[in-house]
Amino acid sequence: MDNTATNLVENALREAAEKVELALAGYLSEAYTGNTVVAEAMRYSTLGGGKRIRAFLVLEFCRLFGGKEEAAMPFACALECVHAYSLIHDDLPCMDDDDLRRGKPSCHKKFGEAEALLAGDGLLTLAFEIAASNVYVSHKSVRLAISELAHEAGAVGMVGGQTLDLQGNVSTYADLKEIYLKKTSALIRAACLLGYFAACDKPSKRDIDSIGLYADAIGLAFQIHDDILDVKSDTATLGKEVGSDEKNNKKTSLKFMKLEDAEEEETLLTLLAVEAISEYPKSEILCKLAIWLLSRNK
């Protein structure tokens, strides 16, 4: 990917992240969530970090199908709240037991396990309050978005994937892919479809299939890239401890293939994602994002 394309993606991500951060700060303000310890923990874990890639997908898929940014922003913020909740819970000692997140102490290290657990619960419920309060779209779009978000974040989606991950019954790469599709791709699929629903309340099967293929492919590639970074990066760059997968005896893609094969796999998945949406007008930035994700270092 050349420097021009890289700069295009990074500038677009930065601009979107600034807007999302401002909107999230409003939803997480004391006036909205109170001044309790749990509210502080919610703000600590959600604001001031991350590239907001999932929120960016919400905004861009809305734009792709002719919608306005103001219609997508509440859905983008709801998605970010769900994502932040999942990271808080993932870091808990009973889950992945990580002490660092985005270069600072994990929520439970800062506020204690009980408050971290409640902060995650608070963010999850806040997400649906934000989505339900979207006045810039039709009632049908709100219903579609809330249903999709709940489905992809729940027992058959992200939570289901985390459950399979904890059980550790992974004997083949196909088993691992099922986990990754649920644990990682599901929330990315929700992001893409929430953007679509912000622009369209009469979805077509063709659009949903194309969006789903893009989301699943970049989600799998994203997780494989995380596996690679866990062995190739360093703590200062990654913002969390490297080698945690091996420390926790987790099976990753690198348990089933060599490093170079994993890099080839993520490249093929990226090409599949690009192919899925490249025929849509205005899809250039989303195609470039998929390619850019291969070069991220954290």
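S.K.: Please set out the overall build of the protein residue by residue, giving values where relevant.
M.R.: Assigned secondary structure in the protein consists of 15 helices and two strands. Computed over the C-alpha atoms, the radius of gyration of the protein is 18 Å, within 12% of the 19 Å expected from 2.2 N^0.38 for a compact globule of 298 residues. Its C-alpha atoms give the protein principal-axis dimensions of roughly 50 × 45 × 35 Å. Out of the 298 residues belonging to the protein, those deemed buried represent 51%. Long-range pairs, those at least 24 residues apart, make up 73% of the contacts in the protein with a sequence separation of at least 6. A total accessible area of about 13400 Å² is found for the protein, and carbon and sulfur atoms account for 53% of it. Mean positive and mean negative side-chain charge positions of the protein (33 and 46 charges, respectively) differ by 3 Å.

S.K.: Now, about the pattern of salt bridges: what can you tell me, with residues and values included?
M.R.: Going through the model one piece at a time under the given rule, you end up with 13 salt bridges. When the shortest N-O distance is used, the salt bridge between Arg 189 and Glu 152 registers 2.7 Å. Of this pair, Arg 189 sits in helix α10 (residues 173-199) while Glu 152 sits in helix α8 (residues 139-153), and the two are 37 residues apart along the sequence. Under the relative-accessibility criterion, Arg 189 is labelled buried at 16%. Overall, the relative accessible area of 6% leaves Glu 152 in the buried class. With a closest N to O distance of 3.6 Å, Asp 207 and Arg 206 form a salt bridge.

S.K.: Outline unusual backbone geometry, supporting the account with residue identities and numerical values.
M.R.: One non-glycine residue, Arg 52, adopts positive backbone phi at about 60°. Relative to the assigned elements, Arg 52 resides in the loop between α3 (37-46) and α4 (53-64).

S.K.: Could you give me a rundown of the packing of helix α5 (residues 69-91) against α10, with the residues and numbers involved?
M.R.: Their axes nearest at 8 Å, the elements α5 and α10 cross at an angle of 165°. Taken together, the axes of α5 and α10 lie roughly antiparallel to each other. α10 is crossed by α5, and the crossing has right-handed handedness. Residues Ala 71, Ala 72, Phe 75, Leu 79, Val 82, His 83 and Asp 90 of α5 pack against Lys 183, Leu 187, Ala 190, Ala 191, Leu 194 and Ala 198 of α10. The residue makeup of the contact of α5 with α10, split by class, is 10 nonpolar, one polar and two charged.

How each quantity is defined
- Residues numbered from 1 in each chain as written.
- Predicted model: local features only at pLDDT ≥ 70, side-chain atom pairs only at ≥ 80, totals over all residues.
- Heavy atoms only, no water.
- Helix = DSSP H or I, 4+ residues; strand = E, 2+ residues; numbered from the N terminus.
- Rg over C-alpha atoms; globule rule 2.2 N^0.38 Å.
- Buried < 20%, exposed > 50% of the residue type's maximum accessible area, 1.4 Å probe, protein only.
- Contact = heavy atoms within 4.5 Å.
- Areas by Shrake-Rupley, 256 points an atom, 1.4 Å probe, with all protein chains shown as cover.
- Lys, Arg positive; Asp, Glu negative; His and termini not counted.
- Charge placed at Lys NZ, Arg CZ, Asp CG, Glu CD.
- Salt bridge = Lys/Arg side-chain N within 4 Å of Asp/Glu carboxyl O.
- Axes fitted to C-alpha atoms, helices over the stretch in contact; angles between N-to-C directions.
- Parallel < 35°, antiparallel > 145°, perpendicular 65-115°, else oblique.
- Left-handed = near helix turned anticlockwise from the far one by under 90°.
- Nonpolar A, V, L, I, M, F, W, Y, C, P; charged D, E, K, R; others polar.

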